[in-house]
Amino acid sequence: MNTLSGHLPDLEKSGEGLTAEDVERLAGKAMADDFYYRNGDEVGSGVSVTLQTE
């Protein structure tokens, strides 16, 4: 199920005045508990690999 599908009536009411920032703000509220949404840019960034050859 699409996370924002329940909010479509509210989004549609905005009509031409709807901005990307409005959708992003609503998505942030709807997905506040989602680990990947909150940490998307940081997930996996602390991983490093070292290869040693002889």
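Values in this document were obtained by computation on a predicted structure and should not be read as measured data.

Basis of the calculations
- Residues numbered from 1 in each chain as written.
- Predicted model: local features only at pLDDT ≥ 70, side-chain atom pairs only at ≥ 80, totals over all residues.
- Heavy atoms only, no water.
- Helix = DSSP H or I, 4+ residues; strand = E, 2+ residues; numbered from the N terminus.
- Buried < 20%, exposed > 50% of the residue type's maximum accessible area, 1.4 Å probe, protein only.
- pLDDT = per-residue confidence, 0-100.

S.K.: So what exactly am I meant to see when it comes to the overall build of the protein here?
M.R.: On a plain count of helices and strands, the protein comes out with three helices and zero strands. Traced from its N-terminal end to its C-terminal end, the protein shows the element sequence α-α-α. Looking at the protein residue by residue over its 54 residues, the buried ones come to 7%.

S.K.: Help me understand the confidence of the model for the protein, please; the structure alone is not making it clear to me.
M.R.: Reading fine detail from the predicted coordinates is not recommended where pLDDT is low. On average, residues of the protein carry a pLDDT of 78, and 85% of them reach 70 or more. When pLDDT is averaged over each element of the protein, helix H2 (residues 20-30) comes out on top at 84 and helix H3 (residues 35-39) at the bottom at 79.

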